[in-house]
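Inside the fold
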Amino acid sequence: MFKRMQAEGQPAGPISAATVELQGNINVAPAGEAGKPSPSDVIPAQKDTRIVRAAIHPAIGIARVGNSEKEYFIGPEVPQPLPEPPGFYKDGKDGQGALKRQAARFRVYGYNAAGEVVAELTAANADISWTVHVANTKGAWYQFQIALDIPEASSAYASELRNQSVTGADRANLSIDPGPRTIQGKNVSGDRYAFNSGKFLGETVYLGELRTDDQGRLIFLGGCGKSASPSGGKITTFANNDGWYDDVSDGPVTAKVTIGGQDVPVDQAWVIVGPPNYAPDVIDLRTMYDLLIDAYITAGWIPLPQSISFKDDIYPILERFCNLQWVNQGFAVQFGWGGPSNFLETEYLRRLADNGPEFQELRQQIYNSMRVLDRDGESPVPSPWIYGDSMSLPPVSARQHMTLSPTQMYILQQWVSGAFDSDWDKRTEPARSLDEVPLEQQPATLDQAALHFCLADAFHPGCEMTWPVRHTTMYSAPFRIKHRPAGEPVPDYGPVLLPEVAVGITGPLYAQGPGDISRWMAIPWQADTASCRYAYYSGTGPQYDPYVPTFWPARVPNHVLSEESYKIVMDETKTREERLAAFQQRAVWFRVLEGDNLAQKNQMVHDFYKMGVIEVREGIPDDPYFPPQILVESRPQFKVEEISPRRNLFLLHVPEATGGEAPRLAMAAADAAPMPNEEIVAGFMDEVHRFARRPYMLVPVNEIVPPGPVAPPDPTPHKG
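Remember, predicted model here, so these are calculated numbers, not experimental data.

Observations concerning the overall build of the protein chain
Secondary structure assignment for the protein chain yields 15 helices and 25 strands. Put simply, the protein chain has 720 residues, and 59% of those count as buried. In the protein chain, of all internal contacts separated by at least 6 residues, the share reaching a separation of at least 24 is 74%. Of the accessible surface of the protein chain, which amounts to about 28,900 Å², a share of 51% is contributed by carbon and sulfur atoms.

A word on the packing of helix H3 (residues 310–323) against helix H5 (residues 346–353)
Interhelical geometry of H3 versus H5 gives an angle of 130° and a closest axis separation of 11 Å. On the basis of the axis angle, H3 is oblique to H5. Read as a crossing pair, H3 and H5 show a hand that is right-handed. Contacts between H3 and H5 involve Phe 310, Tyr 315 and Leu 318 on the former and, on the latter, Leu 349, Leu 352 and Ala 353. Residues that form the contact of H3 with H5 fall into these classes: 6 nonpolar, no polar and no charged.

Details of the nonpolar core
By size, the foremost hydrophobic cluster in this structure holds 141 residues, and its most contacted members are Phe 106, Trp 130, Phe 220, Val 257, Phe 310 and Trp 415. Residue contributions to this core peak at 7 residues, all from H3.

Some points on the confidence of the model for the protein chain
In this model, the protein chain carries a mean pLDDT of 90, and residues with pLDDT of at least 70 account for 90%. The lowest-confidence element of the protein chain is helix H1 (residues 17–22), averaging 32 in pLDDT; the highest-confidence one is strand E12 (residues 218–221), averaging 99. Counted against residues more than four places away or in other chains, residues 1–41, with its pLDDT under 50, gives 89 contacts. Residue range residues 693–720 is modelled with pLDDT below 50. Its contacts to residues more than four positions away, or to other chains, number 38 contacts.

Observations regarding the packing of aromatic side chains
In the structure shown here, the tally under the stated rule is 34 aromatic pairs. Plain terms: the ring middles of Phe 310 and Phe 420 are 6.2 Å apart, the flat faces sit at 40° to each other, and that makes the pair tilted. Taken together, the residues Phe 310 in helix H3 and Phe 420 in the loop between helix H8 (406–417) and helix H9 (442–452) connect sequence positions 110 residues apart. Assessed through its relative accessible area of 6%, Phe 420 is described here as buried. Feature note: the residues Phe 321, Phe 331, Phe 335, Phe 343, Tyr 348 and Trp 385 constitute an aromatic cluster, connected by ring pairs. Geometry around Phe 88 places Lys 100 over its ring, the cationic atom sitting 4.3 Å from the centre.

Here we look at the environment of Glu 152
Residue position: Glu 152 is located in the loop between strand E7 (127–132) and strand E8 (181–184). Residue class for Glu 152 comes out buried when judged on its relative accessible area of 8%. Remark: the alpha-carbon pair of Glu 152 and Ser 397, spanning 245 residues in sequence, is separated by 7.8 Å. Apart from residues lying up to four places away in sequence, Glu 152 is in contact with Ile 146, Ser 390, Val 396, Ser 397, Arg 399 and Phe 691.

Some details on H5
Taken residue by residue, H5 has Tyr 348, Leu 349, Leu 352 and Ala 353 as its buried positions. Projection of H5 onto a plane perpendicular to its axis shows the buried side chains occupying an angular sector of 130°, all on one side. Elements in contact with the buried residues of H5: H3, helix H6 (360–368) and H8.

Some remarks on the pattern of salt bridges
Inspection of the entire model under this criterion finds 31 salt bridges. Linking Glu 120 and Arg 107 is a salt bridge whose minimum nitrogen-to-oxygen distance equals 3.4 Å. In this pair, Glu 120 sits in strand E6 (residues 117–121) while Arg 107 sits in strand E5 (residues 101–111), placing the two residues 13 residues apart along the sequence. With a shortest N-O distance of 2.7 Å, Arg 320 and Asp 290 are connected by a salt bridge. Of the two residues, Arg 320 sits in helix H3 while Asp 290 sits in helix H2 (residues 288–298), which places them 30 residues apart along the sequence. A single burial state applies to Arg 320 and to Asp 290, both of which are buried. Look at the salt bridges and you will find they share partners, linking Glu 77, Arg 105, Arg 107, Glu 120, Asp 213 and Arg 217 into a network.

What to know about the pairing of E6
Within E6, 5 of the 5 residues are buried, which leaves it mostly tucked inside the rest of the structure. Count of turn residues in the E5/E6 antiparallel hairpin: 5 residues, of which Gly 115 carries a positive phi of about 80°.

Concerning the pairing of strand E2 (residues 53–57)
Across the 5 residues of E2, 5 count as buried, placing the element largely inside the fold. Burial along E2 is two-sided: the residues Arg 53, Ala 55 and His 57 and Ala 54 and Ile 56 are all buried. Inspection of the sheet shows E2 paired to E5 by 5 bridges, in the antiparallel sense. By the bridge assignment, Ala 55 is partnered in E5 with Tyr 109. Two strands pair when backbone bridges link them, and E2 and strand E15 (residues 266–267) are joined in this way by 2 bridges, in the parallel orientation. Bridge pairing in E15 links Ala 54 to Val 266.

Topic: unusual backbone geometry
Following His 460, the chain continues to Pro 461 via a peptide bond in cis, the omega torsion being -5°. Here Pro 461 lies in the loop between H9 and strand E18 (475–477). Omega for the bond connecting Ile 523 with Pro 524 falls within 30 degrees of zero, at -10°, which places this linkage in the cis form. You can see Pro 524 is positioned in the loop between helix H10 (499–502) and helix H11 (525–529). You will see that Asn 187, though not glycine, has its phi angle at about 55°, which is positive. With respect to the secondary-structure elements, Asn 187 resides in the loop between E8 and strand E9 (198–200).

How each quantity is defined
Residues numbered from 1 in each chain as written. Predicted model: local features only at pLDDT ≥ 70, side-chain atom pairs only at ≥ 80, totals over all residues. Heavy atoms only, no water. Helix = DSSP H or I, 4+ residues; strand = E, 2+ residues; numbered from the N terminus. Buried < 20%, exposed > 50% of the residue type's maximum accessible area, 1.4 Å probe, protein only. Contact = heavy atoms within 4.5 Å. Areas by Shrake-Rupley, 256 points an atom, 1.4 Å probe, with all protein chains shown as cover. Axes fitted to C-alpha atoms, helices over the stretch in contact; angles between N-to-C directions. Parallel < 35°, antiparallel > 145°, perpendicular 65-115°, else oblique. Left-handed = near helix turned anticlockwise from the far one by under 90°. Nonpolar A, V, L, I, M, F, W, Y, C, P; charged D, E, K, R; others polar. Core = buried A, V, L, I, M, F, W, Y, C linked by side-chain atoms within 4.5 Å. pLDDT = per-residue confidence, 0-100. Phe/Tyr/Trp six-rings, centres within 6.5 Å; stacked < 30°, edge-to-face > 60°. Lys NZ or Arg CZ within 6 Å of the ring centre and 35° of its normal. Arc of directions from axis to C-beta. Salt bridge = Lys/Arg side-chain N within 4 Å of Asp/Glu carboxyl O. Pairing = 2+ DSSP bridges.

Below you can see the structure in the form of structure tokens.
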């Protein structure tokens, strides 16, 4: 099993911010009778039951927007929860199929002087008062151009202030900051706990609300996915739309805990609100948890794993490649059911799990297929087929594509050498809820589960959070974001945030305040979600592949099995050939968006909730042609029967298609391409144009003023 070595001064056992932090406070104990605060029926008799400190878990909680005002669900609290039934993520009561919000639930655990978990603290055994302060400060922050901690940043566009026309004291009107809210008790909710007093340029913006459950645990709900421009402007870029706001947010989560009349020190937490998760049962190749674990290992906070388990450490890496089959056609063909690299096929998996020398070359070849930046450069061929932080057309560096994390590569190296526990036959059913997790493992499980469903690379800028979070200067301990003291002003870094300032000792990568994590993200988030797709092509030379590389298919799907195709697969009256053809056909997830590149970005603002969610459905057991479990796109809330499954399949970047000539040049490029126009999204795509020599101004098609007399339409009919 993947076990971490006991570092000097740290307790053995699962990685937990609380257990690390408690070591420096072993003599801190509430006054009064030892053992009085702790329920004795949840711990062994020999354990020290005196609680000297408490900690909030998860240390970083994740909420997600949705436009359902009443319906919500609690985010994952274990890494492998059971899939929800079809239709779960949409509100079936409002008549419009609104998308449910994902709530973040926080708990408090009490620890003894040895850093051991004594008990979960609830309203039954403690007095807990929660305070949360979230904000959205995107409009007052700097543009996202590229991750500022990579060498390529010095050649990218300058990270200038957003909304530069708003100056002086008026810039305070760009930050949506409703202030803190405090809540206490069981089953508490109401308007007084809503973050509904913040404003953007005078327009009130709701950022969410607080509730408590029947045990007094904190439930945080984020915004409803509303993005808008008070002046009525249109979206013109993927990340930096002046005059716009959205309702994601982030900020500190604190708790005051009293047991038996004595205050207990509490390690605080953070909450981050992200976009919806459109593929909740698909895990990214490199999760945010993976990335942070790697950062902490690099910083020397935690050690590399001492022993490697196939079932716990190696299999999850291989499984993630295969499960991307449900959200990307390229991965489906290579790693999916029946594919040449389907690691999950029973006999193939048996060989992969065997640590004997007879299969070492097989393991070696799989390892060799993984990307190594210094060896592979800009080549799109090695795995993973995922874009990286410097993605641009044309490529400028090896960071055009991502790699597995160094820790993941270390695990695979041990696998190649046979230095792993061949324990596949010892696998057991994983915990499907937190109640199934032993008490002492619950805090670390909550910390992992929250981040396990978040993306790491590519930070372009990302989904839930972006590149600053990989800097350990932001943390007081693993997963514990440092809190900037209340009232301390945000430093002024001038009109342009330079890379050397951003990563410098006086830069913004230290203690954080409300809105400081999400401020780096695209504004609004829908523009970025609609932009970052796959297999971008600039029309120069042959296209490498129509499906890969890709950005974030585990959260923003690319190609999916539609409900119509699934019905054919499951219809035993159809021929096997018909069913196989349906199974192999993937529909473009973005097929429901209309118009050019900018029109689709603008449509996503209003229609994000209508997109399909990838759900787990029954497959066909004991059939070599079909899997026993199939992931299917829920029916989008559009007339999909009238839409080609291949619409918007190809992304054609036309660098010269800017200004008043943009529509004509984009159409000309589409006409010159070999595929039907309906299958092409053509135009200038600033999301992949990060290193231009001169800036471009994107103008929505319906706002373009022709430079002179309008030419008569071209009589030549367009193809397709």
